[in-house]
Amino acid sequence: ELKIDPFTIVFYGQSLGSGPSTYLGKKYSVSGVIIHSGLMSAVRVLNPYLTRTPWYDVFPNIDNIKSCRSPVWVIHGYMDQIINIYHGIRLYKSAPKSISPWFVKDGDHNEIEMRFETEYFLRLKMVVFVR
């Protein structure tokens, strides 16, 4: 067994990576969870207004995040044409310990950390969950 302080760990999930991050976030208490351009669920990418997650949905992130045991920070771009900003807003509102999100005005799906590099790292430093 590794003797690593869980409060030195941050789960960071971008896009599909939001699935494993929200799953681990409901199982373990760590310093924090960052969801970057995440999806509410795989099926909700096609129909974001579903009220229930179907049993066959492989990424039930909206359900997992409700049980997240750590602070959650959501990053999402308003111009995201792959996963609508609505997903980021709902994930933020569903997390029991959410930190003020960063919804990027001109941000798209895959380039927030590159186009907004300085602001990205400044914000990341502010929320890298120090206890």
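Structure shown above.
Nothing here was measured: the structure is a model prediction, and the numbers come from that model. (Residues numbered from 1 in each chain as written. Predicted model: local features only at pLDDT ≥ 70, side-chain atom pairs only at ≥ 80, totals over all residues. Heavy atoms only, no water.)

(A) The arrangement of helix H1 (residues 18-27) in detail. Considered for burial, the residues of H1 that qualify are Ser18, Gly19, Ser21, Thr22 and Gly25. Looking at the buried residues of H1, the elements they touch are strand S1 (10-14), strand S2 (32-36) and helix H3 (61-65). (Buried < 20%, exposed > 50% of the residue type's maximum accessible area, 1.4 Å probe, protein only. Helix = DSSP H or I, 4+ residues; strand = E, 2+ residues; numbered from the N terminus. Contact = heavy atoms within 4.5 Å.)

(B) Molecular detail of the environment of Asn61. Tracing the sequence through the fold places Asn61 in helix H3. When its relative accessible area of 1% is taken as the criterion, Asn61 is described as buried. Distance from Asn61 to Thr22, taken between C-alpha atoms, is 5.8 Å for residues 39 residues apart in sequence. Once you skip the residues sitting within four places of it in the chain, Asn61 turns out to touch Ser18, Gly19, Thr22, Leu39, Met40 and Leu91. A distance of 3.2 Å separates polar atoms of two side chains, one belonging to Asn61 and the other to Thr22. (Polar contact = N/O pair within 3.5 Å; in protein donor to acceptor, adjacent residues only side chain to side chain.)

(C) Broad picture of the side chain of Ser21. Summarising the element assignment, Ser21 is placed in helix H1. Of note is the side chain of Ser21, whose polar atom sits 3.1 Å from the backbone nitrogen of Gly13.

(D) Molecular detail of the nonpolar core. Of all hydrophobic cores here, the largest spans twelve residues; its members are Phe11, Val30, Val33, Ile35, Met40, Ile62, Ile65, Cys68, Val72, Val74, Leu91 and Ala95. Listed by contribution, the elements that provide at least two residues to this core are S2, H3 and strand S3 (72-77). With near-sequence residues (within four places) excluded, Val74 lies in contact with Ile35, Gly88, Leu91, Tyr92, Pro101, Trp102 and Phe103. (Core = buried A, V, L, I, M, F, W, Y, C linked by side-chain atoms within 4.5 Å.)

(E) View of the packing of aromatic side chains. This model, assessed by the stated rule, comprises five aromatic pairs. Look at Trp55 and Tyr56: their rings are 5.4 Å apart centre to centre, the planes differ by 90 degrees, and that puts the pair in the edge-to-face class. Accessibility expressed as a relative area gives 49% for Tyr56, which makes it partly exposed. The rings of Tyr78, Tyr92 and Phe103 are connected pair by pair, giving a single aromatic cluster. (Phe/Tyr/Trp six-rings, centres within 6.5 Å; stacked < 30°, edge-to-face > 60°.)

(F) Fine view of unusual backbone geometry. The backbone of Ser15 sits at a positive phi, close to 60 degrees, despite the residue not being glycine. Within the secondary structure, Ser15 sits in the loop between S1 and H1. Given the relative accessible area of 16%, Ser15 is considered buried.

(G) Focus on the pairing of S3. For S3, a buried count of six out of six residues is recorded, marking the element as mostly surrounded by other parts of the structure. Both faces of S3 are covered, namely the face carrying Val72, Val74 and His76 and the face carrying Trp73, Ile75 and Gly77. When S2 meets S3, the two strands line up parallel, connected through four bridges. In the sheet register, Ile34 faces S3, and the bridge partner there is Trp73. Examined bridge by bridge, S3 and strand S4 (residues 98-104) share five bridges and lie parallel to one another. Paired with His76 across the two strands is Phe103, which belongs to S4. Handedness of the crossover is the feature at issue here: the chain leaves S3, passes through helix H4 (residues 85-94), returns alongside S4, and the resulting connection is right-handed. (Pairing = 2+ DSSP bridges. Right-handed = clockwise from strand over helix to strand, strands pointing away.)

All quantities given are derived from atomic positions and should not be read as evidence of function.
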